[in-house]
Amino acid sequence: NNMRSQLALDDGTAQTNVPRLLQLPMNGDKDKVVGVAAGIWHTVVWTSSGAVYSCGDNSYGQLGVGDKRAHGDIASVPGA
């Protein structure tokens, strides 16, 4: 489900069984997603260039984006 925006579907979708392609702000054509980690309420994605992105619940700052608000879209993790 997407109850805490952990799927980065910032369109009000609460639950879906249909996969969706997400657009990440990649660093050039050769940058590729190399890993995804999913928690109960948040998701983290990292790329071959070392960039890290996260989305979902952030009540304790677990997204690493410098605030404690939920992110329904993919947020860049600074300093990663």
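A brief report on the enclosed structure follows. (Residues numbered from 1 in each chain as written. Predicted model: local features only at pLDDT ≥ 70, side-chain atom pairs only at ≥ 80, totals over all residues. Heavy atoms only, no water.)

A separate point is the overall build of the protein chain. When helices and strands are counted, the protein chain shows zero helices and four strands. Going residue by residue from the N terminus, the α and β elements of the protein chain occur as β-β-β-β. Judged by the C-alpha coordinates and their principal axes, the protein chain covers about 35 × 30 × 20 Å. When the 80 residues of the protein chain are sorted by exposure, 32% land in the buried category. Across the protein chain, every contact between residues at least 6 apart in sequence was considered, and the portion connecting residues at least 24 apart equals 25%. Carbon and sulfur atoms provide 53% of the accessible area of the protein chain, an area that totals close to 5200 Å². (Helix = DSSP H or I, 4+ residues; strand = E, 2+ residues; numbered from the N terminus. Buried < 20%, exposed > 50% of the residue type's maximum accessible area, 1.4 Å probe, protein only. Contact = heavy atoms within 4.5 Å. Areas by Shrake-Rupley, 256 points an atom, 1.4 Å probe, with all protein chains shown as cover.)

What follows deals with the nonpolar core. Judged by nonpolar contacts, Val 52, Leu 63, Val 65, Ala 75 and Val 77 together constitute the single largest core of five residues. In this structure, Val 52 is in contact with Val 44, Val 45, Trp 46, Ala 75, Ser 76, Val 77 and Ala 80, ignoring residues within four places of it in sequence. (Core = buried A, V, L, I, M, F, W, Y, C linked by side-chain atoms within 4.5 Å.)

The next subject is the pattern of salt bridges. Applying the stated criterion across every chain, the model contains one salt bridge. Two residues, Asp 67 and Arg 69, come together in a salt bridge whose shortest N-O distance is 3.7 Å. (Salt bridge = Lys/Arg side-chain N within 4 Å of Asp/Glu carboxyl O.)

Only one face of strand 2 (residues 42-47) is buried: it carries Thr 43, Val 45 and Thr 47, and the other face, with His 42, Val 44 and Trp 46, is open. Across five bridges, strand 1 (residues 33-38) lies against strand 2 in antiparallel orientation. Paired with Ala 38 across the bridge in strand 2 is Thr 43. Where strand 1 hands over to strand 2, the hairpin turn is made up of three residues, counted between the paired strands. As judged from the five bridges shared by strand 2 and strand 3 (residues 52-56), these two strands associate in the antiparallel manner. Looking at the pairing, Val 44 lines up with Ser 54 of strand 3. (Pairing = 2+ DSSP bridges.)

This next bit is on the sheet that holds strand 2. Read across the open sheet, the four strands follow the order 1-2-3-4; overall the sheet is antiparallel. For this open sheet the edge positions go to strand 1 and strand 4 (71-76), each flanked by a neighbour on one side alone. With direction set aside, neighbouring strand axes in the sheet form an average angle of 15°. (Axes fitted to C-alpha atoms, helices over the stretch in contact; angles between N-to-C directions.)

On the surface, a cluster of nonpolar side chains totalling about 340 Å² of accessible area is made up of Met 3, Ile 40 and Trp 41. Along the chain, the position of Ile 40 falls in the loop between strand 1 and strand 2. (Patch = residues over 30% accessible without salt bridge, like charges linked within 9 Å, V, L, I, M, F, W, Y side chains within 5 Å.)

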